[in-house]
Each structure stands twice: as C-alpha cells, then as structure tokens.
Amino acid sequence: MQKNTPPRSTIRLTRRGKLVLLVTCAVVAGTAVAVPLLHLAGGGNATSKTLVIPEGWRASQVYDAVDKVLALPAGTTHKSIGKAGLKLPSDAQGNPEGYLFPATYPVGEDATPQSLLQYMVDTANQRFNRAPLAAGAQRNAMNLYQAVTIASIVQAEAATKEDMGKVARVVFNRMERGMPLQMDSTLNYALNRSTLRTSADDTRIESPYNSYQRMGLPPTPIDNPGEQAMHAALNPPQGNWLYFVTVKPGDTRFTADYAEHQRNVAEFNAHLKSSEPQQSQSRSRSQSPERSGSPQRSGSPQQHQSPAQQSPTPQPPK
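As the structure is a prediction and not an experimental result, all values here were calculated from the model. (Residues numbered from 1 in each chain as written. Predicted model: local features only at pLDDT ≥ 70, side-chain atom pairs only at ≥ 80, totals over all residues. Heavy atoms only, no water.)

1. Overview of the overall build of the protein
Basically, it comes down to this: Secondary structure is summarised from DSSP: a helix means a run of H or I of at least four residues, a strand means a run of E of at least two, and numbering begins at the N terminus for each. Categorising residues by exposure relies on relative accessible area from a 1.4 Å probe, with only protein chains included: less than 20% of the type maximum marks a residue as buried, more than 50% marks it as exposed, and the intermediate range marks it as partly exposed. Should any heavy atoms of two residues lie within 4.5 Å, those residues are considered in contact. What sets the accessible areas is the Shrake-Rupley method with a 1.4 Å probe; for residues, cover comes only from the shown protein chains.
If you tally the helices and strands in the protein, you get nine helices and four strands. Ordering the α and β elements of the protein from the N terminus gives β-α-α-β-α-α-α-α-α-α-β-β-α. Relative to its full complement of 318 residues, the protein shows a buried share of 55%. The long-range share in the protein, meaning contacts at least 24 apart out of those at least 6 apart in sequence, stands at 76%. Here the protein displays about 13,900 Å² of accessible surface, and carbon together with sulfur accounts for 50% of that area.

2. Describing the packing of helix 6 (residues 164–176) against helix 8 (residues 227–234)
Selection criterion: In this analysis an axis means a line fitted to C-alpha atoms, helices contributing only their contacting stretch, and an angle means the value between N-to-C directions, from 0 to 180 degrees. Here roughly perpendicular refers to angles of 65 to 115 degrees, roughly parallel to angles under 35, roughly antiparallel to angles over 145, and oblique to all remaining angles. Take the far helix as the reference: if the near one is turned anticlockwise from it by less than a right angle, the crossing is left-handed, and if turned clockwise, right-handed. The nonpolar class holds Ala, Val, Leu, Ile, Met, Phe, Trp, Tyr, Cys and Pro. Asp, Glu, Lys and Arg form the charged class, and all remaining residues, Gly among them, are polar.
Where helix 6 contacts helix 8, the axes come no closer than 8 Å and their chain directions differ by 45°. Between helix 6 and helix 8, the crossing angle belongs to the class labelled oblique. For the pair helix 6 and helix 8, the sense of crossing is right-handed. Touching Met164, Gly165, Ala168 and Phe172 of helix 6 are Gln228, Ala229, Ala232 and Ala233, all from helix 8. Here the contact of helix 6 with helix 8 is built from residues that sort into six nonpolar, two polar and no charged.

3. Looking at the pattern of salt bridges
Short version of the rule: Any carboxyl oxygen of Asp or Glu within 4 Å of a side-chain nitrogen of Lys or Arg constitutes a salt bridge here.
One pass over the full model with this rule turns up seven salt bridges. A salt bridge links Asp202 to Arg193, with the nearest nitrogen and oxygen atoms 3.0 Å apart. According to the relative accessible area criterion, Asp202 is buried, its value standing at 15%. Ionic pairing is found between Arg204 and Asp201, a salt bridge with its closest N-O pair at 2.4 Å.

4. Focus: the side chain of Ser211
Going by this rule: Contacts described as polar in this section are N or O atom pairs within 3.5 Å, which, within protein, must combine one atom able to donate a hydrogen with one able to accept it, while residues neighboring in sequence count only if both atoms come from side chains.
The topology assignment puts Ser211 in the loop between helix 7 (184–190) and helix 8. Looking at Ser211, its side chain comes within polar contact range of the side chain of Thr186, at 2.7 Å.

5. Considering the nonpolar core
This is how the line gets drawn: Among buried residues, those of type Ala, Val, Leu, Ile, Met, Phe, Trp, Tyr and Cys that are joined through side-chain atoms within 4.5 Å constitute a nonpolar core.
Counting residues in hydrophobic clusters, the biggest one holds 63 residues, and the most contacted among them are Leu51, Tyr99, Met120, Phe128, Ile150 and Met230. For this core, the secondary-structure elements that each account for two or more residues are helix 1 (59–69), strand 2 (104–108), helix 3 (113–128), helix 4 (131–139), helix 5 (144–157), helix 6 and helix 8. It is helix 5 that provides the largest number of residues to this core, a total of nine residues. The residues touching Tyr99, leaving out its near neighbours within four places in the chain, are Leu88, Pro89, Met120, Val121, Ala124, Asn125, Phe128, Leu144, Tyr145, Val148 and Asn224. With five residues, the next largest nonpolar core counts Val245, Val247, Phe268 and Leu272 among its residues.

6. Some points on helix 8
Where burial is concerned, most of helix 8 is hidden: six out of the eight residues are buried. Where helix 8 is concerned, the buried positions are Glu227, Ala229, Met230, Ala232, Ala233 and Leu234. Of the surrounding elements, those touching the buried residues of helix 8 are helix 3, helix 4, helix 5 and helix 6.

7. Observations regarding the confidence of the model for the protein
Convention followed: As a per-residue measure, pLDDT tells how confident the predictor is, with possible values from 0 to 100.
With 72% of its residues at a pLDDT of at least 70, the protein reaches an overall mean of 78. Confidence, expressed as mean pLDDT per element, reaches its minimum in the protein at helix 9 (residues 258–285) with 76 and its maximum at helix 1 with 98. Low pLDDT, under 50, characterises residues 2–34; the stretch is placed with 170 contacts to residues that sit more than four places away or in other chains. pLDDT under 50 marks residues 36–44. Its contacts with residues more than four places away, or in other chains, come to 22 contacts.

8. A short note on unusual backbone geometry
Backbone geometry at Gln182 places phi at a positive 50°, although glycine is not the residue there. Here Gln182 shows up in the loop between helix 6 and helix 7.

9. Some thoughts on the packing of aromatic side chains
This is how it is decided: The criterion for an aromatic pair is that two Phe, Tyr or Trp rings (for Trp, the six-membered ring) have centres within 6.5 Å, with stacked assigned to planes under 30 degrees apart, edge-to-face to planes over 60 apart and tilted to the rest.
Tallying each qualifying case throughout the model produces eight aromatic pairs. An angle of 15° between the planes, with centres 6.2 Å apart, marks the rings of Tyr99 and Tyr145 as stacked. Placement of the pair is Tyr99 in the loop between helix 2 (76–79) and strand 2 and Tyr145 in helix 5, with a sequence separation of 46 residues. Across the pair, exposure class does not vary: Tyr99 and Tyr145 are buried alike.

10. What about the side chain of Thr220?
Relative to the helices and strands, Thr220 resides in the loop between helix 7 and helix 8. Within the local environment of Thr220, its side chain forms a polar contact with the side chain of Tyr209, the two groups lying 2.6 Å apart.

11. Examining the environment of Asn188
Structurally, Asn188 is set in helix 7. Asn188 sits in the buried class, given a relative accessible area of 0%. Expressed as a C-alpha distance, the spacing of Asn188 and Asn210, which sit 22 residues apart in the sequence, is 8.8 Å. Of the polar contacts made by the side chain of Asn188, one reaches the backbone oxygen of Thr195; its length is 3.2 Å.

12. Side note on the packing of helix 5 against helix 8
The interhelical angle for the contact between helix 5 and helix 8, taken along N-to-C directions, is 115°, at an axis separation of 8 Å. In terms of their interaxial angle, helix 5 and helix 8 are classed as roughly perpendicular. Pair helix 5 / helix 8 crosses with right-handed handedness. Where helix 5 approaches helix 8, its residues Leu144, Ala147, Val148, Ile150, Ala151, Val154 and Gln155 are matched on the opposing element by Ala229, Met230, Ala232, Ala233 and Leu234. For the contact of helix 5 with helix 8, the class distribution of residues is eleven nonpolar, one polar and no charged.

Here you go:
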C-alpha cells in the first residue's frame with residue numbers, strides 16, 4: 001500500500017451529516033460467544049464472571065471494562081500494558097489498539113489485567129494471521145497492521161455489516177486518488193470523544209489522527225474491529241464510490257458524484273433536525289445505556305448484533 005500520497009486535494013469531503021464523506025463512527029457492536037480462558041486463570045478455576053468486549057470498542061474502553069470486572073482501581077489495566085508481554089506487530093510500538101479482539105470472555109478467579117489483555121491479543125493474532133486474511137493483505141499491497149487499521153475505520157464508519165465492503169472501497173479509492181480520508185471517526189479518536197457534530201475548528205487540530213489535515217492512514221487502528229470488518233477491508237467490492245452518508249437508519253447512500261452526495265447530506269441534515277426533539281424527549285425519560293466508542297448513527301439507537309452476526313468462538317492460541 002502506498003504510504004506517501006500526493007498533496008492534499010482542496011475539496012473537503014467526508015463528514016457524516018454536515019460535511020462530505022462522514023458516516024461518523026457508529027459501531028456495529030457485536031460480541032462473540034463465550035471463550036474459555038484456559039491460559040488466563042490457572043485452567044481449572046471456576047469462572048465467576050464474564051467480560052464483554054463489543055466490536056468497535058476503543059482500547060481505553062477495554063481497559064475500563066477490565067478494571068471493572070476485576071474490581072480494580074481505575075487505570076490499573078492501562079498501567080499494566082508495559083509488563084503484559086503482548087505479542088504485537090512492530091508497527092504497533094506497544095500500543096494494543098486494534099488487537100484487543102472483541103468477544104465475550106469468561107473470567108476466572110485468578111484472572112489478571114495482563115492475562116486478559118494477553119489472551120485478547122493472542123486471539124486477534126490467531127484470527128488475523130489466518131491464511132485468507134494474510135493473503136488478502138498481500139494482494140492489496142499492504143501489511144497486516146495496515147489492514148487492521150483500515151478495518152477499524154470500516155468498523156467505525158459502516159452503518160451495517162452490508163455497508164462494510166463499500167466503506168472499505170471508499171477508503172481505497174480515496175487513497176488511490178491522493179485524497180485525504182477526512183473521516184470524523186479518526187478525528188473523534190484524536191479528541192477522545194464520540195459525536196455527530198464536527199466543527200471547522202475540530203478539523204484543524206494538530207494530530208496524526210486528523211485525517212482532514214494528514215494524508216493516508218492514521219498511525220494506529222482507531223478501535224478494535226471484528227472479523228467481518230477485516231474481511232471487508234481485505235475484500236472490498238468493486239466500485240467508484242468516494243462519498244457516503246447514512247440519511248436515516250437503513251438508508252446509506254454511496255456515490256462518486258459530489259453534487260449527488262451534497263443532496264444526500266441535505267436530506268440527512270433535514271432528517272436529523274426533525275428527529276432531534278423526539279430524541280431529547282426520549283433521553284429525558286430514560287437513562288442512557290452504556291455506550292461504545294462511537295456515536296449513534298443518524299440519531300438511531302445503537303444496536304447490538306444478533307447471534308447470526310456474532311463472531312465465532314475464538315479458540316485457545318497455539
């Protein structure tokens with residue numbers, strides 16, 4: 001994959017809702033069925049808890065969840081990364097973002113932050129290094145770490161699993177044309193937030209994750225993708241799409257025509273404006289559920305995947 005792309009285009013593209021290409025980072029939040037943690041907690045110890053890691057969660061959310069399930073002070077898991085002995089690609093430089101494989105993990109009584117993180121990374125390596133995925137990365141002239149990075153964007157941006165391949169194709173088309181990605185999902189990651197609203201000032205922040213200002217991929221994944229996103233990143237369908245927007249739930253529109261995309265964005269803005277009063281009333285009547293690393297897409301409530309969409313059970317690493 002070409003890493004040094006031509007100078008930035010003057011056209012501002014990709015923002016879900018107001019600017020051009022965005023499908024902001026809503027998560028297709030699914031988790032795998034329970035996995036045995038044989039190498040985590042002494043093998044024979046009884047399992048008393050489970051740890052659910054949805055697809056698309058950021059590493060920071062995983063750390064908080066591990067702290068909570070192990071009843072540890074906040075920040076303990078994050079501080080343990082350096083001594084966890086994680087088997088990460090050299091490009092990751094010790095950052096496990098992208099390799100904390102989403103699944104539902106039983107937690108044994110002797111589980112530790114290091115053992116949980118190590119098992120997540122080992123499972124990701126086992127899944128991502130399978131022959132079809134490795135061959136797909138080679139076929140697309142990129143290394144596996146770049147593939148995981150693209151998959152993390154796909155996971156964040158796609159409204160449904162059916163949209164994932166098209167989102168991946170948009171990423172490839174933009175890079176091949178020397179266009180900045182201009183994805184709000186990367187910008188939200190830089191700002192450690194989840195929002196549908198992005199201002200012009202936001203797009204000018206100094207960050208390697210600011211895909212409005214910087215060409216090519218961000219330096220690391222921006223979340224932890226599942227296998228469906230990985231397959232989409234490595235096997236995108238053919239198409240000339242450069243823009244997309246989810247006008248309303250179930251209605252994501254992809255196009256190569258900028259004027260058409262502007263009309264789609266106008267529809268999205270109108271739909272968002274009309275739905276905001278109803279959303280405000282709904283929020284005032286009930287507590288917000290625990291959120292993933294991405295905002296709700298086009299004002300629709302975030303949904304977990306059905307069992308048919310869930311990832312298969314990870315097997316113990318060899």
